[in-house]
Every structure is written in C-alpha cells, then in structure tokens.
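Below are the chains, spelled out letter by letter.
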Amino acid sequence: MASNSLAYSEQSGAGETAELGQEATATISPSGAFGLFSSDLKKNEDLKQMLESNKDSAKLDAMKRIVGMIAKGKNASELFPAVVKNVASKNIEIKKLVYVYLVRYAEEQQDLALLSISTFQRALKDPNQLIRASALRVLSSIRVPIIVPIMMLAIKDASADLSPYVRKNAAHAIQKLYSLDPEQKEMLIEVIEKLLKDKSTLVAGSVVMAFEEVCPERIDLIHKNYRKLCNLLVDVEEWGQVVIIHMLTRYARTQFVSPWKEGGGDGGVEGGEKNFYESDDEQQEEAEKRKTPYAMDPDHRLLIRNTKPLLQSRNAAVVMAVAQLYWHISPKSEAGVISKSLVRLLRSNREVQYIVLQNIATMSIQRKGMFEPYLKSFYVRSTDPTMIKTLKLEILTNLANEANVSTLLREFQTYVKSQDKQFAAATIQTVGRCATSISEVSDSCLSGLVCLLSSRDEVVVAESVVVIKKLLQMRPAQHSEIIKHMAKLLDSITVPVARASILWLIGENCERVPTIAPDVLRKMAKHFTSEDDLVKLQILNLGAKLYLTNSKQTKLLTQYILNLGKYDQNYDIRDRTRFIRQLIVPNEKSGALSKYAKKIFLAQKPAPLLESPFKDRDHFQLGTLSHTLNTKAAGYLELSNWPEVAPDPSVRNVEIVELQTKEWTPAGKAKKENPAKKFYSESEEEEDSSDSSDESESESGSGSEEEGDSSEDNSESSPSEQEAESASEPEGPSKRTAKKSWKTRAKSDSENEEKENEKSESSDSSSAESGSVEESSSASESETESDSGSDARKVAEEKEGRPKQARSALPKDVSLLDLDDFNSVSTPVALPTPVLSPSLRADLEGLNLSTTSSVINVSPPVFVPMKTHVLLHRMSGKGLAACYFFPRTPCTFGAKMVSVQITLSNTTDRKIEHIHVGEKKLPAGMRMHVFSPVDSLEPEGSVTVSMGIDFCDSTQTASFQLCTKDDCFSVNIQPPVGELLLPVAMSEKDFKKEQGMLTGMNETSALIVATPQNFTPSVILQKVVNVANVGAVPSGQDHLHRFAARTVHSGSLMLVTVELKEGSTAQLIINTEKTVIGSVLLRELKPVLSQG
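Every residue gets a number counted from 1 within its own chain, in the order that chain's sequence is written. Local features in this predicted model are restricted to residues of pLDDT 70 or higher, and side-chain atom pairs are both shown and tallied only at a pLDDT of 80 or more, whereas totals for entire chains, interfaces and linings draw on every residue. Note that the side-chain values use all heavy atoms of the structure and ignore hydrogens as well as water.

Let's talk about the state of the cysteines
Okay, step 1: Cysteine sulfur atoms are paired as a disulfide whenever they come within 2.5 Å of each other. In the structure shown here, the tally under the stated rule is 1 disulfide.
Okay, step 2: Between C963 and C968 runs a disulfide, and the two sulfur atoms are separated by 2.5 Å. The chirality of the disulfide connecting C963 with C968 is right-handed, given an S-S dihedral of about 110°.
Okay, step 3: According to the relative accessible area criterion, C963 is buried, its value standing at 2%. Per-residue accessibility, obtained with a 1.4 Å probe over protein chains only, is compared with the maximum for each type, and a residue is labelled buried under 20%, exposed over 50%, and partly exposed between these values.

Focus on the pattern of salt bridges
Okay, step 1: Think of a salt bridge as a Lys or Arg side-chain nitrogen and an Asp or Glu carboxyl oxygen that are within 4 Å of each other. Enumeration over the complete set of coordinates arrives at 33 salt bridges.
Okay, step 2: A salt bridge links E913 to K965, with the nearest nitrogen and oxygen atoms 3.4 Å apart. Of this pair, E913 sits in strand 5 (residues 912-921) while K965 sits in the loop between strand 9 (958-963) and strand 10 (968-973), and the two are 52 residues apart along the sequence.
Okay, step 3: Since its relative accessible area comes to 34%, E913 is described here as partly exposed.
Okay, step 4: Given a relative accessible area of 58%, K965 falls into the exposed group.
Okay, step 5: Between E988 and K992 there is a salt bridge, with the nearest N and O atoms lying 3.8 Å from each other. Of this pair, E988 and K992 both sit in helix 45 (residues 988-996), 4 residues apart, which is roughly one turn of that helix.
Okay, step 6: What makes K992 partly exposed here is its relative accessible area of 42%. Only DSSP runs of H or I with at least four residues qualify as helices, and only runs of E with at least two residues qualify as strands; both kinds are numbered from the N terminus onward.

Some thoughts on a nonpolar patch on the surface
Okay, step 1: Taken together, the side chains of L593, Y596 and I600 define a hydrophobic patch exposed on the protein surface, amounting to about 300 Å² of accessible area.
Okay, step 2: The topology assignment puts L593 in the loop between helix 32 (571-584) and helix 33 (597-601).
Okay, step 3: L593 gets classed as exposed once you look at its relative accessible area, which sits at 53%. Any residue with relative accessible area above 30% and no salt bridge may belong to a patch, with like charges joined within 9 Å and the nonpolar Val, Leu, Ile, Met, Phe, Trp and Tyr side chains within 5 Å. Per-residue accessibility takes into account occlusion by the displayed protein chains alone, with areas from the Shrake-Rupley method and a 1.4 Å probe.

Section: the packing of aromatic side chains
Okay, step 1: In summary, the pairing rule links any two rings of Phe, Tyr or Trp, Trp by its six-membered ring, whose centres are within 6.5 Å, and it sorts them by plane angle into stacked for under 30 degrees, edge-to-face for over 60 and tilted for everything else. In this structure the tally under the stated criterion is 11 aromatic pairs.
Okay, step 2: For the ring pair F371 and F378, a centre distance of 6.2 Å and an interplane angle of 75° mean the geometry is edge-to-face.
Okay, step 3: Between the aromatic rings of Y884 and F886, the centroid separation amounts to 5.8 Å while the plane-to-plane angle is 90°, which identifies the pairing as edge-to-face. Each member of the pair Y884 and F886 is classed as buried.
Okay, step 4: For R104, the ring lying beneath its charged end belongs to Y105, and the centroid distance is 4.6 Å.
Okay, step 5: As a reminder, the over-ring test applies to NZ of lysine and CZ of arginine, requiring each to be within 6 Å of the ring centre and within 35 degrees of the ring normal. Over the ring of F528 we find K536, and its NZ or CZ is 5.8 Å from the ring centre.

With respect to the sheet that holds strand 7 (residues 934-937)
Hydrogen bonds along the backbone pair up the strands of a sheet, which may run parallel or antiparallel.
Okay, step 1: By this definition, two strands are paired if DSSP reports at least two bridges between them. On the basis of which strands lie adjacent, the open sheet formed by 4 strands has the order 7-5-9-10 and antiparallel pairing. Here the strands that pair on one side only, and so sit at the sheet edges, are strand 7 and strand 10. Taken pair by pair, the neighbouring strands of this sheet meet at an average axis angle of 35°, ignoring direction.
Okay, step 2: Pairing of strand 9 with strand 10 involves 6 bridges; the strand directions are antiparallel. In the sheet register, A958 faces strand 10, and the bridge partner there is I973. Fitting a line to C-alpha atoms yields each axis, with helices limited to the stretch in contact; the angle taken between N-to-C directions then spans 0 to 180 degrees.

A few points about the nonpolar core
Okay, step 1: By nonpolar core we mean a set of buried residues, namely Ala, Val, Leu, Ile, Met, Phe, Trp, Tyr and Cys, connected to one another through side-chain atoms within 4.5 Å. Residues I66, Y101, L342 and F378 are the most contacted members of the largest nonpolar core, which totals 194 residues.
Okay, step 2: It is helix 19 (residues 316-329) that contributes the most residues to this core, 11 residues altogether.
Okay, step 3: The contact rule is simple, with two residues in contact once any of their heavy atoms fall within 4.5 Å. Non-local contacts of I66, meaning those with residues more than four positions away in its chain, are made with L47, L51, A76, L79, V83 and Y101.
Okay, step 4: Counting 32 residues, the second largest nonpolar core, distinct from the first, contains L872, M947, L962 and V971.

Regarding unusual backbone geometry
Okay, step 1: Even without a glycine there, the phi angle at R888 is positive, about 60°.
Okay, step 2: Mapped onto the elements, R888 comes out in the loop between strand 3 (880-885) and strand 4 (898-906).
Okay, step 3: Positive phi, normally seen in glycine, also occurs at D953, with a value near 55°.

See the structure below:
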C-alpha cells in the first residue's frame, strides 16, 4: 500500500504522503469524499477498465473521476489513450467531459492530441449543434501551430453554420486563433465581417468581442451593422451587451460631433482671434454660423435611446457600461439619468461597490449636481470595509458646498471617532480639503482640528498636525497661538511625520515665536541621534533658519547639530549638513550663494493645493481597468476626441435588396402562389423599402407601446385585433383581401369553420408578435422588428394558401428548426428567413417536418388536484365569494386556452343579481373567454362556471373585474406553471429522440437529496403530477422516471426526467424549448421532490 502511494506521489509530483494514499485507497465507494477523487495506480487501472466498458454509466463515472483528479491538480496524462477512444461516444455527457480532458492535456501531449484531430473534424459535421460547437471549442483550444490551417477552415465553415450557437463558438475561436497566429489577421477579418452581418442575438456579443481583439481600428466594418447592433442590444446576453456598448462608445466618438458644444460656445474665442483683421460683415457671418443650434444625428440619438432601458439591468457591468456611454457621448443635460442606477448598484457586494464608487468619484468632480440628491447614499456604514469608506469620503468631499457642508462636518465628527485608524486619518484629511475649498468654514474646521490635538489617539493627533500645517500655510500670521500649542505637543507625539510637520511650522514662523523656537531646537538637539531621518532633516532646517534670524542664541547649538549630522549614518543627512554649513557659516571658501542664504531658507512658500486623487483619471474611459488602476493597461483602447465635422452619415445606410422578397417564396411553388402577389401593390412595396432604417429598426419599442395603449383603451376588442392594428396600417386592407380570396377558394366550408379559421389566424399572428417579445433572448430569434412586419404579412399569405390539416400540424413541427436562424418557436408557421440561399431552402423543403405529429398526442390527465385558489374573499366582495381551480381538461373555448372553473358563492341573506365579468386588463397577447352572466344567486347558494384563458405560455396575471348589479371587484388569476401544460402520451423511444434534440441551452437540471422512501415510483409519480399536468412515459429502466407534456399555447414539448443516483440523490432534468417555463417548473419540482 505504501509503495503504491509512493509511486503515485512520484508520478503526480504533488508530494502526497503515504498516509493520504492509504486513506484514499481505503475509501472505495464512489460516493465517499475521497473515493470520487482518489487516483493511485490501482485506481487508474480501474479507470482504464471502466473507460473500455460497454456501459455508458461506467464511462461517465470514470470521466467524472478523471476530471476530479484534474481539478485537484493530479496528473491524469497516462489515461490519454483510453480517454481519446471515447471521443466518438454517442453520449453527450461523456463527450463533454472528454473534451474538457483533451483541452487540459492538448498542449502537454501535442503528438497524442494531433491523433484526435480527425475525430474533431468529423464531429464538426455532426447533426447535433452542441457537438459541432464543442468540437470547434476543443479544436481551437489545442495550441499547436501546425493545425492553424485546419482551425482556419473549421472557423470559416462554422461561421456559415445554420445554428447560431455554433456561429457564436466560431466567434470565440477567432480570438484564440489570432493569439496563436497573428499572421492570420486578414483572413480572420473576413470572417468577422461576415459574422457582423449575423442577425442572431446569440452571435452579436461574441463577434464584437472578436472584433475588439483582432481589429478594433477597422471602424468601417461597423458602419453597415451599427443600427442593427443598436436595435439588437436589448436582447443580447449580458456580457455581450457590455462589449457592444464599449465598442459603440468608441464608434460614437469618431462618427458624431460633440453634443457638449451647444451653439459652438467653445469655438467662440478662437474664432474671434482668427477673424481679428477681417471686416465686420465677415465677422457677423462667422458669428451667425457659430450660433446655429446643435442638431443631434439620428443615429447618435438611436444609440442613446436604445441603451437607456439597460440601466435597469440586473447585471452591474451592464449598468456601468451604459453609465460610461452616457457620460462620454450624451448631452450633459441627459447624463443625470445614470445617477440613480449607479446609486442602486451600491447595494451590491463590496467589489462592485468599489468599482462603482471609483467611477462616481471621477464623475462628481466635474458634475456635482448629478449626485447631490443622493448625498445620504454615500454616508459611511460601520460594516463597510476601509476601501469603501475612503471612496465614500472622497465623494462626499467632492459634493461638499456651502449648503450642505455643515451637515457633512457633523457626519465627519462621527467618523473621526471610528476604531478604523486609517479611516479616521482619511476623515481628517477630508476636513482639511473642505476647509480649503469652502472658505466660509475654514475657521471652524481649523478649530475642530485643534481640538483633535488633545485626543488620546496618536494617529488622529498626528494626522491633525499634518493637516493643520497645510492650513496654516495659507494664513500663518493669524495663528501664532496654534503654533505655540503644537510646539508643546512635541514631548508627547512620536509619529515622525507629525513631529517633522511641527518643526517645519516652527521654522517657518520662527520670527513670530522668537522665545519658543530656540527652546524647541535645544530639546531636539538632545535626542538628535535617536530621531527618525525625516525629523533629523527638519531639525537641520530649523537650526539653519534660527542661525540666520537669531544667531546670538542659537549659533553654538546649530554648530553642534551640524557636527552631529556630519557623521550620521544616512547619506542624505550628511549631504544636507554639508550644504547648510557652506551656505550659512561664512568662510573663505563660501561662494556667492551664501549672500542669499536668508532669502533661500526664509522665502515665502506657496500654500499646498489639496486636490482629489481622482482629478487626473478623467482622461481614461470610465469602467475600464485603466481607470481603476489610474495607469494605461494592456489592451486599453483610448477614446478619440470628437470630430470637428461629422463624417458622412450615409455610410450607415443599408441597401434593401429586392431579392429578399423573392427568397420568401419557396422554390417550386411560385406558380401556386401567384395569386398571393395581388395582396400587395408595387407602391406599397416601394414605400416599405423606402422607409428610413432608423424608423424601421426602432419600431419594436413603439409597437409594444401602441399595443399596450390599445389594449387599455379598447378592452372589449380581442388582443389579437389590437396587435394586428398596431403593427402597421397598410396591413389591414391586405388582410381583408386575403380573407376574401380564402373564402372564394373554400366555398364548401361552412360559415362556422370560416370564422374559426379567421380567429385562429388572428391569434396566430398575435402569438408570433408576443412570442418575439417573450423569447427575444433565445438563440433562434435573429430578426429585427423591421423584418417582423413583413414576416407577419408573409405568414398571412402562406396560411391562406395551405390546407386546414397542414395548419393544425405546423405548431408541432418546429422541433427540427432549433439549429436554424428561423422565426421564434412560438410562431405557428415555420418559414425560412431571407438569409437562406435557394438551394438550401430546396433541401429544407424536402425534410419531413411532420415526424413529431404522430407521437405528440394529448392524453387524459393522470391526476387532477382539487386545490382551490381564492379569487374574491367574502369580506372584500360584500358577501360574494369566489374561488377557482384548474380541472386539467382541454378547454372547449379554444385550443390554446387553459380551462379554469370558478365557484361563486353567496354568503349573504339576500339575492345577488347579474354576476358577470367587467373590464379586462390583460397583458399583450393574452386572451380570455368569459363565462355567461349569472342572472341571480340565491342566499347561501353557489354556482360553478367555466372560463378559458390563453396565458401565452407565461405565468403572467390575468386581471379583470368581477361585477354584480351594484358593485365591481378587481380580481386576478395567476396560473401555476404546471397548469400551462397538457399531458402527452409517447413511447420511450420517441421520448429519447425528442430529448436528444432538446439538449444544451434547452436543458436545465438540478440535484435532489431525499430519503430513499421518497424515491419509490409511486411517490415520484404522485409528487410530479401533483405539481404539473404531465403524462407518464413508460420506462424500461427502474432508476429512470420520465414524464412528457406540451405547452397549451405553443405546443412546445416539456420533457421531465427523474434519474435516481446511488445513495439518496437524484437528478431532475427538464428539456424544453421554453427555457423560462422550464426553469420555473424546475424550481417548483425540486422542493416537492426533496421533502418527505
């Protein structure tokens, strides 16, 4: 045993003792603390056998142990051949861990790593987007120059991938390849230029980061993509937002004129000097030109407007990035909006506070008014660390003025008594700065500092002496009494800086205190050899000044001190002594300077200027490492000065290619859809193409506001009609034309069917718009709002020309479109975007997208909980009580609605008449089918009514008024996330197939710990179906429990897996395209499964 551990110690180089090896080997159970990471030679042999096993579970366990070894710093390189064999494993979890291992040892074992290159190249063509992305990530992490051409080719291929996730990883790989081989810069710039045109929000942040690393000087690449980046900014991931905002800040400083020169005020004096010899008429013309009002560029305004909502971000870095953008490029009148958001960040952890306070300190020097309303937010708390306290003191000093200085001084009096000596000393310096900047309180500050001289705390007294010395330099004649008082403190103060300050003060004012100064010099001469070097220098200076002013009393004393200094150990003191002796003691060797000795030593010294240490940081961009360190860091990109004349703004105009509209028509179907061309006239198309890009790209914000207004004003009309009207006005007549043509083609249908089709069409279009708002941060959404307008019109065209059966199957056929940059998953019609080539569209056309329709069959609910929720309490409802529950049955009022049953009870002794639903206040996209009015409800009677609500796959509250004949009561219905589902019956094979297509970003998981009796099949089934309306999927493995459902609104699959582990743990996994609903369901299921 000892030999085994010793051999492992030699192999790993970690120096473990034999006892540790014994302990690790003794614990064989994988669930033990050491068993998971133990790895001596015997364990390595076991790991090799497990990696060669036919069971995925054994391989996965082995890879977990190996990664654990790596995390502990152990050497696992000898397992390289056994690990590489599993690169081709079909298990995604195993592949992930293999990739982690290979990235770790690729540089050390370059020869072996190169053997697996072919495997990664094959994985780059894998149908699973996660595998393709992981292979590219590992390939770019192998730091071997010989494979640079292979990496370059892989990046080019990945940049054209259909999956935005793969394209995102291609952008990450660009930076790695550039650091490995900078000579590839030109080819990488071509890839960056291509990826900058990508409309996916997932790619935007990564490609801008690559741009900043590789070619930040190529501003011309941003011109055509500027407006798109501004509009996508809100939907990009948080760290991508930070990078894009910093880049756009630099861009704005090069492309727009300064918004701070209102009316050309800065150039007035210069212009007057240049035109001094010109005629009066020419001067008037120049003056008129300078008086022309400043007009902000629309693109400049677009950037400022689109970044403002990000001030509400939960990410402190995003808020800080927006704040620095407003500080550097917005008009000074608009920069004040950032102050509230920055103050909000002061509730974060201390690291965030430190950075934010540093930036506020810089801002508060130039613009005090921004943070004056939040003065109390910068008061120091007892729990603040010293670094935070000193920064807050700095800000309070910068914000001090005549109006608030009295309040601040009272606050400072408390701070001086702090147990934190460094903070107390900083407070005294702050009081000194207030005294110098605000003359009205200088006397009171000085008297307060003199009072501190009697403090028992030596640090406080010493710092007070230093500050008083600086204040007395301004008006020394008025404060001889203070100098006398400080001279008496020399016997008690031991801090060298304070003693030196007192001696300097006495020396400067030796003529005002002629009786005290010689006595002080006498005392100092006694202890000269034991004083600090700083104090010795001031003793020499004091002796020289007294020798020149009062030589009778101090001549011998000064010569004694000079003799002591002549043989001092410190060469500075010896040099000073020789200099002073030659200057003040006349002899035959004395030069011409000795005549001016008195003027040299007793010259009037300028008063010290007490300035903020943050005054010289404003030339660095706020929020950067260089600003924090106050020195230029590696990779820092300086902000350029505003151009005098704005460059041509037309470079940001994007030409709309007519082929885009043609590409919407699938190849081979042009003849069938010829009648659809009549829906839009040529003039309308020209109007659409001639709209300014600023208006078309900022349409998303105005569209949502119009929807909200229309839903409040016209509460009786359906939300789908409101959204259709608010989207665009020209759309109305085209839709009516479409409906007419549909009716003429389908005369055999009944009138009821036609009405249902029209309703479904309007609800589908509304769901497309609401889905784009709810899931705008998903990987599959890449279009701006300008594209979505034409998208909705094309959807209407396609829907009119399709059979009824095809429309009913389409919402279920979106599972294959995860990898492509198509419309949002919640959009019922899946059409390719204009970026697809005709040949690729033809290939996609041949795909059979209806494979899931055979497996997604809604089944009856496994369990219906009878838990009721209070809708209206009898006290609030004046005797009318109402409660509701979810029966988990398909709603009869609409396929996309959730069925809700409401029980109305009369608790009074009189009849309640005409109970009905009044005004509805529903979020955009949400629909409600109300119950029929109840004419009367007898005393102590009750009645149950049914409603249908389309919650749009969200847990938003449906608010409405429950009215009687006399009163109206505001009530709310908020659905649990489990009630937004319908159970689905499917086989285990279909479940695995669907689950394999919903991995990566569509998968969330959590570890559950509970007692073994809570992990029996019946208990798990009971707990899961009690929370969520899901169906049980048969499983051939006892440790796996599977459940399936689909969302009511969009029909997206929700797959729930409970995988039992060894011991008392289990893994809860949820796979769904609706990641928000999936994470909420995970949070609700986890505590239920954990509790006993």
